[in-house]
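Chains, contacts and geometry: an overview
Chain by chain, the residues run as shown.
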Amino acid sequence: MPRRARRGISLFEAVAGLTIVGMVAASAMAATAREMRTAARARRALEVEALATSRLDWMALTTDVQLQSLPDSIARGTFPDPLAEYSWRTTVEPVAQESGLYDVAVSIRWKDGDKDATYDLRSRLYRRPVVTARGR
């Protein structure tokens, strides 16, 4: 008896094919999720760097008197919407034995899931010391 030509695919071939397609789809979804997390971290890094830099630039506009005794409105606060999840804290310390030189630190804080996260930026500002005339 002659063998009949086989037509179509067997159940085993169909299951094997679906398994391969499923594995490829799962790995593609995992790679996409990783890329999305990386993009979110990059967006966050750009935001906090820009916020810290803007606060530091704003500190450059303060006077010598304000740097010596930082008002609460300059020392800490929150950003307006849509950046309301971020807050800042600024500290200023005079550099020892360097009249008019201040060490400025800006710290940006936010909630990252269930923990607090912080980004710190430091710089120095110089203000010409006030010279008073003695004996006049």
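The structure we're discussing is the one just above.
First, a word on what this report is: a plain description of the structure on this page. The structure presented is a predicted model; accordingly, all values stated were derived computationally and were not measured.

What follows covers the packing of aromatic side chains. Evaluation of the coordinates by the stated rule reveals 2 aromatic pairs. On the basis of an interplanar angle of 55 degrees and a centroid distance of 5.2 Å, the ring pair of Phe-79 and Trp-88 is categorised as tilted. Each of the two residues, Phe-79 as well as Trp-88, counts as buried. With a centroid separation of 5.9 Å and 65 degrees between ring planes, the pair formed by Tyr-86 and Trp-110 is classed as edge-to-face. Of this pair, Tyr-86 sits in the loop between strand 1 (76–78) and strand 2 (87–94) while Trp-110 sits in strand 3 (residues 101–112), placing them 24 residues apart in sequence. The aromatic ring of Trp-58 is capped on one face by Arg-55, whose charged end is 5.0 Å from the ring centroid.

A few words now on the pairing of strand 3. When a strand is regular, its side chains alternate between the sheet's two faces. Of the strand pairs in this sheet, strand 2 and strand 3 are connected by 8 bridges, and their pairing is antiparallel. Its bridge partner being in strand 3, Arg-89 is matched across the sheet by Ser-107. Here strand 2 folds back onto strand 3, and the loop between the two strands holds 6 residues, one of which, Gln-97, carries a positive phi near 60 degrees. As paired elements, strand 3 and strand 4 (residues 115–126) share 12 bridges and run antiparallel to each other. Paired with Asp-103 across the bridge in strand 4 is Arg-124. Between strand 3 and strand 4, which pair antiparallel one after the other, the connecting turn spans 2 residues, and Gly-113 there sits at a positive phi close to 75 degrees.

Next up on the list: the pattern of salt bridges. Under the definition given, this model contains 5 salt bridges. Its salt-bridge partner being Arg-76, residue Asp-72 comes within 3.4 Å of it at the nearest N-O pair. Judged by its relative accessible area of 39%, Arg-76 is partly exposed. Between Lys-111 and Asp-116 there is a salt bridge, and its shortest N-O distance comes to 3.1 Å. For the pair Lys-111 and Asp-116, one class covers both residues: exposed.

Before going further, it helps to examine the sheet that holds strand 1. Read across the sheet, 4 strands follow the order 1-2-3-4 without closing on themselves; strand pairing throughout is antiparallel. With one partner strand each, in any of the chains shown, strand 1 and strand 4 form the two edges of the open sheet. In this sheet, adjacent strand axes meet at a mean angle of 20 degrees when their direction is disregarded. Pairing of strand 1 with strand 2, which is carried by 3 bridges, proceeds in the antiparallel orientation. Looking at strand 2, one finds that Gly-77 is bridged to Trp-88.

Core analysis: the largest hydrophobic core is formed by 19 residues, its most contacted members being Met-59, Tyr-86 and Ile-108. Once residues lying within four places of it in the same chain are set aside, the contact partners of Ile-108 are Val-48, Leu-51, Ala-52, Phe-79, Tyr-86, Ser-87, Trp-88, Ala-117, Thr-118 and Tyr-119.

Our next topic: unusual backbone geometry. In this model, Asp-81 is joined to Pro-82 through a cis peptide bond whose omega is 5 degrees. Mapped onto the elements, Pro-82 comes out in the loop between strand 1 and strand 2. Positive phi, close to 60 degrees, is recorded for Gln-97, a residue that is not glycine. Counting through the fold element by element, Gln-97 comes out in the loop between strand 2 and strand 3.

Conventions and cut-offs
Residues numbered from 1 in each chain as written. Predicted model: local features only at pLDDT ≥ 70, side-chain atom pairs only at ≥ 80, totals over all residues. Heavy atoms only, no water. Phe/Tyr/Trp six-rings, centres within 6.5 Å; stacked < 30°, edge-to-face > 60°. Buried < 20%, exposed > 50% of the residue type's maximum accessible area, 1.4 Å probe, protein only. Helix = DSSP H or I, 4+ residues; strand = E, 2+ residues; numbered from the N terminus. Lys NZ or Arg CZ within 6 Å of the ring centre and 35° of its normal. Pairing = 2+ DSSP bridges. Salt bridge = Lys/Arg side-chain N within 4 Å of Asp/Glu carboxyl O. Axes fitted to C-alpha atoms, helices over the stretch in contact; angles between N-to-C directions. Core = buried A, V, L, I, M, F, W, Y, C linked by side-chain atoms within 4.5 Å. Contact = heavy atoms within 4.5 Å.

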